[in-house]
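What follows is the residue order along each chain.
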4 protein chains.
Amino acid sequence: MEIEAREISGPLENRFIKTRKQSLLLCESLEVEDFVVQPLPEVSPPKWHLAHTTWFLEELLLNKFQPPYKFHNESYRKLFNSYYKTLGEHWPQSNRGQLSRPTVLEIYKYRQTVEDEIINLAVLNRWNNEFHDMFELAVNHEEQHQELLLMDIKVILGSNPQLPAYKQKLRPTVQSGKPEWKFFEEGVYQIGTSEKNSFHFDNESPRHKVYLQSFHICNKLITNGEYLNFINDGGYRNALLWKSIGHDWIRSNNIKKPYYWNKDLSAPAEYTLYGENDLDLNAPVSHISYFEADAFARWMGMRLPTEQEFEVASESMPLVQREFIFHPSDCGAFNSQLWVWTQSQYSPYPGYRAYAGELNEYNGKFMCNQFVLKGGCIATPKRHYKRTYRNFFEPQQRWMFSGICLAKDDL
Amino acid sequence: MEIEAREISGPLENRFIKTRKQSLLLCESLEVEDFVVQPLPEVSPPKWHLAHTTWFLEELLLNKFQPPYKFHNESYRKLFNSYYKTLGEHWPQSNRGQLSRPTVLEIYKYRQTVEDEIINLAVLNRWNNEFHDMFELAVNHEEQHQELLLMDIKVILGSNPQLPAYKQKLRPTVQSGKPEWKFFEEGVYQIGTSEKNSFHFDNESPRHKVYLQSFHICNKLITNGEYLNFINDGGYRNALLWKSIGHDWIRSNNIKKPYYWNKDLSAPAEYTLYGENDLDLNAPVSHISYFEADAFARWMGMRLPTEQEFEVASESMPLVQREFIFHPSDCGAFNSQLWVWTQSQYSPYPGYRAYAGELNEYNGKFMCNQFVLKGGCIATPKRHYKRTYRNFFEPQQRWMFSGICLAKDDL
Amino acid sequence: MEIEAREISGPLENRFIKTRKQSLLLCESLEVEDFVVQPLPEVSPPKWHLAHTTWFLEELLLNKFQPPYKFHNESYRKLFNSYYKTLGEHWPQSNRGQLSRPTVLEIYKYRQTVEDEIINLAVLNRWNNEFHDMFELAVNHEEQHQELLLMDIKVILGSNPQLPAYKQKLRPTVQSGKPEWKFFEEGVYQIGTSEKNSFHFDNESPRHKVYLQSFHICNKLITNGEYLNFINDGGYRNALLWKSIGHDWIRSNNIKKPYYWNKDLSAPAEYTLYGENDLDLNAPVSHISYFEADAFARWMGMRLPTEQEFEVASESMPLVQREFIFHPSDCGAFNSQLWVWTQSQYSPYPGYRAYAGELNEYNGKFMCNQFVLKGGCIATPKRHYKRTYRNFFEPQQRWMFSGICLAKDDL
Amino acid sequence: MEIEAREISGPLENRFIKTRKQSLLLCESLEVEDFVVQPLPEVSPPKWHLAHTTWFLEELLLNKFQPPYKFHNESYRKLFNSYYKTLGEHWPQSNRGQLSRPTVLEIYKYRQTVEDEIINLAVLNRWNNEFHDMFELAVNHEEQHQELLLMDIKVILGSNPQLPAYKQKLRPTVQSGKPEWKFFEEGVYQIGTSEKNSFHFDNESPRHKVYLQSFHICNKLITNGEYLNFINDGGYRNALLWKSIGHDWIRSNNIKKPYYWNKDLSAPAEYTLYGENDLDLNAPVSHISYFEADAFARWMGMRLPTEQEFEVASESMPLVQREFIFHPSDCGAFNSQLWVWTQSQYSPYPGYRAYAGELNEYNGKFMCNQFVLKGGCIATPKRHYKRTYRNFFEPQQRWMFSGICLAKDDL
């Protein structure tokens, strides 16, 4: 892949600085104690995110482009390595909440020290393409962790019986306009990204042709009210609606409702980042597993879209984030307050090449027993709202901001 | 779907009778005790297979086409229901080996009684298309269980430290001819089955177009010798070769070699249905998990084929079962002594419709966290060797006769 | 310990032969399939008992007193070793039901061959005290396994939804006479056995003094009717009646009634070795865990006896087996149809010495987290009905023939 | 039990105030983050201890003696209830580390508010015996939690790979004088407490007679050096030294050394509350499970004392805490830097009566599958050093300050 030499524009440095500040801003309203706990094995303590994104800078920029590099603290190399086997041992993911040290303050200092070094390094490498690419990836990596931070903070506060609020604004709201079904003819379409000089993750490429059968897809998310109908109609009790292992999962975990709903369905309420609120029946249903989304679609006599269908459809129905005021012109756009589950299991694109070197483990090794989600959500940094972006989670996971978008065959 | 009225030809009745006899023939050399045990949760005792395929006849033919039907034994309805929630409760799969009763003799009598009733019923329904379709499915269902019987018998005998032999002939042998790589141009291909009057399972249809990128695929299976090289090169120790959950699986289960190999790799031997034999380095490596097949392919710098690639390729390289003598003309054919793992996670085809009624649960509910295998194996009944057949297992499972076929991109 | 030389009297050889026959007699009404399965990890398949008691003869008599000894089958040394680490590896206890081979027939032949050798060996060692002691232990060991055989057969048949019957007679019956409370003054008592020339297990000795506070003890077992009152009074729902880990156990296993009772308490029935029968409210409640016995006693405002109290009391209230017709003179005797739980955790007696040599592991290593049961039950061979016998099980176990005997302080 | 009316002397109020201060003092050197985490299910976060001991005051003093009482925060009733079923639901013990809120600061305020109310209440109840008894128990309860605080802080800091230090002084040190074996004649002894007006827990009474066989007991604890000899002699590999479930435990958890020792036995070091230090071979070995203590004793050809033996012996060899300088006159005293395991499973004393009312669950329900420890340790508040005190833990637990004291029979 030939790439022209590019100046590391001020813009990338600026974006780096803004991104780093944004991560701290997200934690501004937390108590020290909130930074430490891990209520679920897949949740990470906020201080871990702040440290891990800094560890990434040390391992992949400072250690590589400024050798011999003396690490800030040798023990951090293990503690804040997420899962990169080529970068040595890592502390078990499910035990991140067992660590009281380093303290939040020490991690803030760690961030500051490493940031200063990075700024210096960036100046020296202004014309180094390899550095530029890794630097850009590091910024994108931290943005990915900002969404995880919000997901994890929601679990930390929302699994506490006191149900403390985080801060305002972050909640899916009623969708403007009526649902519209859009029809797509069968034929050959293009999927994935190929733009040489624009950033993308390895799993989004290469751009390639696919043949799609004709299909219909809806531009609005399923609402809480619609989902409540599914529950009241016995959706969780009807085995025929469920994948076999999904049915085992709801049985053995006694699942009867979305993750953040309260127990009393006669007075339904939902924990949001505002705190607990009455359930807004017209707002999109969120924190839904693949198993639930798939069962709901079957109950409706429809199905989930494939990732290819959603990507094709989002060319003519662009992704719209909730924070924009909805204009009449948004009517034909996808409501993108929540990631939507696709029926596509996460697999490599034809011709997929994983990153070389240390980042080889970034995406490819997770391409097994996960499903692709498309679109974006209220917690997604703006630049990550891309048609070609591939998010992925296990079919029973629910702590991300996930919702339901329906498709159907052309009969 | 309009289907012409067909006479239940003598051939189908004959095939039924032969199939039923064949199931007993497969058990002929077993001791009574071998019919009862269940060394792994996914293995079923042979007597359970013999009873379950009979239960299928009672529930889906006798009870449906000859009401009011008095079941042979009410308790069998629960004991030998595999997983059909619409047909009532079922005994837990992992507890099948806890049942000493009914005895093997009682199950043989059960088979005979039900078979006689089916023969009578078939005569009466000679012109009933609905009956014909279900009858044909029931025969195919029993054939599927014949392969499971051989898989399960192999575990039952092979996990016993005495390593008793089953009987001769069933073992992959050296492949004739040299491996050939065949190239396929990119373009639109057709996948799946559509033949209206020929039997197929619901998951094989509808026939539909796919766009494939150009690819190369090899017509020979990977050998024990090649796999031994992978082991000796540290394949099981190199985390970068493995899917993340595959690596967790080999670590926590201390996996270091294929399922039936002995421990001592300096004098490698393999349990076969013949008993334990020296490892034939030139024979295909078998009883391989998806995780191992995928890691091996990565070690080779190649990849597994997709299910679409394999199906397309098998048009010009037909599937050849081992029991045929290999002629020079077989050279361009797929060696089909073992099912081959594809990189395709098991999903519904576009426009997929699950069987209606009681059989709705036959296939669709398993389309999650499984991978497709194509081809066939030495234990597969001949009629099931079809380009469009979709077999599926979990990525860590190894008790089926599975092997490795490689593909690569056109660079 | 000095012991006089004794002739291995014909009586011991005769007892050996009778005991061996009795083990087979217990299995006479079983189907081959019943010999093989293992519905619970702590249950052993009947064929395993038959083989293990033979393995014991090979390892501890033939191999020791007739060297160099060629074992019947080398693989049996591992397969039928229960847990003796000094005698090499052993097959995991919870996997005994995974073994179809050796067959039942092979094990019957194994028994016959080894028995013949033992008879010959016994003749040669008629004046060998060491042999005599081991021989006597081996006979007692097989008798212990006869009770286990009955316990295990009951689980095998009773956990099968067909609830097949075993054979008649083995069921606790209504106790003759009224319950009598007997009072014992505080003071120094003697516990354990010391008779030099009479057989006992290592855990029963040495005889030693204990100081007991005054107490009352009842000579009749708690009945099904009394236990049903406990249930109907909410006994399983009242946390205050239960040991902490006992309460966790009933909660996580959803325990609400004795092991073999049916679900419908409005028409209570009980699986017995006769098959399922209506619950006899006047017969003793059986298959009770320590946790349940202890909770019941607390509900009554009483307590379980200590093992010392029971042993002291059984001097003036002898143990009476159910098979004897109860005469008026039995009124002051202990009803011994069921083992009774004591509140004593299983510990070594002061001055306890475990067997030397290979049998060191026979008893001592289990003296942790088990409770002592005293008396005997309808499945206990007659010679094992001894005041000093110490039976022991884990507090949640219920597959033995266990019941409830109450004691109370003198207030 | 008749008790004279007593004035709640200033001394008890003073002791309350001192005790409350002492709990905070113990936490003085902690970071906020250290108050929150729970590295093991049996460890509680320090902030939980601070809150729970305050909850105890609310539930058992304020709510009872000052009705109608408005609780500080309704949610605390569940969050800080440890296990008292009669006092409502409780948050699961193993999930205490999932709670970031209430914050440490909120808990400090909670403590202060409740303390003030208690002081007022105590003045009003100066002549109320019932109040006095409960108040005294509450103080003792908090003292018990002070030792738990130190145990838990050690795990929190010691399981962090940074191995931060807590503060000085708390470490077992070399024992003065040579080990002395003391002999006790067989006979009747008195055990337990009966002093009517002196505080004791319900499990320490009633005072009662026991008959002991003659025995020898040693007044010094086993040292690190002696324990290292056991390891080097293969102690962890010799199955014959271990209880059966203890051997399973070391195998499945790969236990090869005491809890806080480092991995490298060629340069042995130990985490202490000072931080990691070279192992002092002459200091007592600590953080030992019952299984290890029992195996060590067997390796020495000796045994652990019973709780009765230790209690009898401590009449003539008084308990001496490490913080006192050892005078020559201490030579005949028990070294009590560490709790010592006894071979006695934790059972009720004859005539035991659990507390009435809400505190019924304080001790009795744990009398199953635990072993008694006697003496005291460097973390034990001084008043709890009593001959009659009964500490108890599960046989595999190691996070308490436990050591080994040996006894032997008189042969």
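Structure: above.
First things first, this report covers the structure right here in the doc. (Residues numbered from 1 in each chain as written. Chains lettered and ligands numbered in written order. Predicted model: local features only at pLDDT ≥ 70, side-chain atom pairs only at ≥ 80, totals over all residues. Heavy atoms only, no water.)

**Considering unusual backbone geometry**
Applicable threshold: Numbering of helices and strands runs from the N terminus; a helix is a DSSP stretch of H or I covering at least four residues, while a strand is a stretch of E covering at least two.
Look at the link from C:P67 to C:P68: it is a cis peptide, with omega at -10 degrees. Turning to its location among the elements, C:P68 is positioned in the loop between α2 (46-65) and α3 (74-79). C:P102 follows C:R101 through a cis peptide bond whose omega is -5 degrees. Relative to the helices and strands, C:P102 is located in the loop between α3 and α4 (104-124). Notably, B:N254 is not glycine yet its phi reads approximately 55 degrees, a positive angle. Note that B:N254 resides in the loop between α7 (244-252) and β5 (269-272).

**Observations concerning the arrangement of the chains**
What counts here: What makes two residues a contact is simply this: any of their non-hydrogen atoms within 4.5 Å.
Looking at chain A next to chain C, you find no contact at all, with the nearest C-alpha pair sitting 12 Å apart. The smallest C-alpha distance separating chain B from chain D is 12 Å, and no contact links them.

**Brief notes about the sheet that holds strand β10 (residues 371-374) of chain A**
Residues and elements named next belong to chain A. We apply this condition: Strands pair, by our definition, only if DSSP identifies at least two bridges between them.
Pairing is mixed in the open sheet, where four strands are placed in the order β11-β10-β9-β12. Where the open sheet ends on each side, the last strands, each with one partner, are β11 (391-393) and β12 (402-403). The sheet contact formed by strand β9 (residues 339-345) and β12 spans two bridges and is parallel. Residue pairing across strands places W339 opposite S402, the latter belonging to β12.

**A look at the relation of the copies chain D and chain C**
Put simply, the two copies of the chain differ by a rotation about an axis and a shift along that axis. Heads up, the rule is: Only residues with pLDDT of at least 70 in both copies count here: their C-alpha atoms drive the least-squares fit that superposes the copies.
When chain D is brought onto chain C, the operation consists of a screw motion whose angular component is 180 degrees and whose axial shift is 0.0 Å, with 0.0 Å RMSD remaining. The superposition of one copy onto the other is thereby described by a two-fold rotation axis.

**Some thoughts on the interface of chain B and chain A**
The criterion, for reference: Buried area is calculated as the accessible area (1.4 Å probe) missing from two parts once they are joined, with the contributions of both summed. Counted as salt bridges are all cases of a side-chain nitrogen of Lys or Arg within 4 Å of a carboxyl oxygen of Asp or Glu. Here the nonpolar group is Ala, Val, Leu, Ile, Met, Phe, Trp, Tyr, Cys and Pro; Asp, Glu, Lys and Arg are the charged ones; every other residue, Gly included, is treated as polar.
Taken residue by residue, the interface counts 36 residues in chain B and 36 residues in chain A. Summed over both partners, the interface of chain B with chain A comes to about 2900 Å²; 56% of that surface belongs to carbon and sulfur atoms. Connecting chain B to chain A are two salt bridges. Mapped onto the side of chain B that touches chain A, the elements with two or more residues apiece are β3 (208-212), α7 and β9 (339-345) of chain B. Per-element accounting of the side of chain B that touches chain A gives the leading share, four residues, to β3(B). Among the residues forming the side of chain B that touches chain A, the class breakdown is 17 nonpolar, twelve polar and seven charged.

**A look at the interface of chain D and chain C**
Opposite the 36 residues of chain D that make contact, chain C presents 36 residues. Both faces combined, the contact of chain D with chain C buries some 2900 Å², and carbon together with sulfur accounts for 56% of it. On the chain D side of the contact with chain C, D:Y211, D:L240 and D:Q345 bury the most area, a combined 19% of that side's loss. Of the charged contacts, one joins D:R353 and C:D409 as a salt bridge, the two residues approaching to 3.2 Å between their closest N and O atoms. When contributions to the side of chain D that touches chain C are tallied by element, the ones reaching two or more residues are β3 (208-212), α7 (244-252) and β9 (339-345) of chain D. Of all the elements, β3(D) adds the most residues to the side of chain D that touches chain C, at four residues.

**Looking at the side chain of B:T342**
All names here are of chain B. Short version of the rule: Here a polar contact is recorded for every N or O atom pair within 3.5 Å, except that within protein the pair must consist of a potential hydrogen donor and a potential acceptor, and residues adjacent in sequence are included only if both atoms are side-chain atoms.
On the secondary structure map, T342 appears in strand β9. Within polar-contact distance, the side chain of T342 engages the backbone nitrogen of S344 at 3.1 Å. In this structure the side chain of T342 is engaged in a polar contact, spanning 2.8 Å, whose partner is the backbone oxygen of V372.

**Observations concerning the packing of helix α1 (residues 10-26) of chain C against α2(C)**
Residues and elements named next belong to chain C. Convention followed: To obtain an axis, a line is fitted to C-alpha atoms, over the contacting stretch when the element is a helix, and the angle between two such axes runs from 0 to 180 degrees between their N-to-C directions. Should an angle fall under 35 degrees it is taken as roughly parallel, and over 145 as roughly antiparallel, whereas 65 to 115 is taken as roughly perpendicular and any remaining angle as oblique. Each crossing is labelled by how the near helix is turned from the far one, with a counterclockwise turn of less than a right angle marking it left-handed and a clockwise turn marking it right-handed.
Where α1 contacts α2, the axes come no closer than 10 Å and their chain directions differ by 155 degrees. One way to sum up the angle between α1 and α2 is to call them roughly antiparallel. The element α1 and its partner α2 pack so that their crossing is left-handed. For the pair α1 and α2, the contacting residues are F16, R20, S23 and L24 in the first and L50, T53, T54 and L57 in the second.

**Describing the sheet that holds strand β4 (residues 215-218) of chain C**
Residues and elements named next belong to chain C. Strand order across the open sheet formed by three strands is β1-β4-β13, with antiparallel pairing between neighbours. In this open sheet, the two strands that pair with only one neighbour each are β1 (181-184) and β13 (407-409). Each neighbouring strand pair of the sheet contributes to a mean axis angle of 20 degrees, computed without reference to strand direction. Pairing geometry for β4 and β13, over three bridges, is antiparallel. Its bridge partner lying in β13, F215 is registered against D409. Across the face of the sheet, helix α9 (residues 307-316) comes into contact with β1, β4 and β13 while running at roughly 110 degrees to β1.

**As for the packing of helix α2 (residues 46-65) of chain D against helix α5 (residues 129-158) of chain D**
All names here are of chain D. Following both chains from N to C, one finds α2 and α5 inclined at 170 degrees, their axes separated by 9 Å at the closest point. Viewed along their axes, α2 and α5 adopt a mutual orientation that is roughly antiparallel. Residue composition of the contact of α2 with α5, grouped by class: 16 nonpolar, five polar and four charged.

**Quick look at the pairing of strand β6 (residues 275-278) of chain D**
All names here are of chain D. Taken together, the four bridges between strand β5 (residues 269-272) and β6 define a ladder with antiparallel strand orientation. Paired with E270 across the two strands is N277, which belongs to β6. As consecutive antiparallel partners, β5 and β6 are separated by two residues.

**What to know about helix α4 (residues 104-124) of chain B**
Residues and elements named next belong to chain B. Here is the rule: Here the expected span of a helix is defined as 1.5 Å times the quantity of residues minus one. For each residue, the accessible area found with a 1.4 Å probe, counting protein chains only, is set against the maximum for its type, and the residue is called buried under 20%, exposed over 50%, and partly exposed in between. Directions pointing from the helix axis toward each C-beta atom define the arc.
Taking 1.5 Å per residue, 21 residues should reach 30 Å; α4 reaches 31 Å between its end C-alpha atoms and fits that length. Taken together, the buried positions of α4 are V104, I107, Y110, R111, V114, E115, I118, L121 and A122. In an axial view of α4, the angular spread of the buried residues amounts to 135 degrees, which keeps them on one side of the axis. Summarising the geometry of α4, the exposed residues directed more than 90 degrees from the buried face are L105, K109, N120 and L124. Buried-residue contacts for α4 involve α1 (10-26), α2 (46-65), α3 (74-79) and α5 (129-158).

**Some points on the packing of aromatic side chains**
Where we set the bar: Classification of ring pairs uses Phe, Tyr and Trp, with its six-membered ring standing for Trp, and accepts pairs whose centres are within 6.5 Å; under 30 degrees between planes counts as stacked, over 60 as edge-to-face, and the remaining range as tilted. In this analysis the charged atom, NZ for Lys or CZ for Arg, is taken to sit over a ring once it is within 6 Å of the ring centre and within 35 degrees of the ring normal.
Enumeration over the complete set of coordinates arrives at 144 aromatic pairs over all chains. Relative to B:Y84, the ring of B:Y83 lies with its centre 4.8 Å away and its plane at 25 degrees, an arrangement referred to as stacked. Classification of B:Y83 by relative accessible area gives partly exposed; the value is 23%. The class for B:Y84 is buried, based on a relative accessible area of 1%. With a centroid separation of 4.9 Å and 80 degrees between ring planes, the pair formed by C:Y83 and C:F366 is classed as edge-to-face. Here C:Y83 is found in the loop between α3 and α4, whereas its partner C:F366 is found in the loop between β9 (339-345) and β10 (371-374), with 283 residues between them in sequence. Over the face of the ring belonging to A:W181 we find A:K408, whose NZ or CZ atom lies 4.3 Å from the ring centre.

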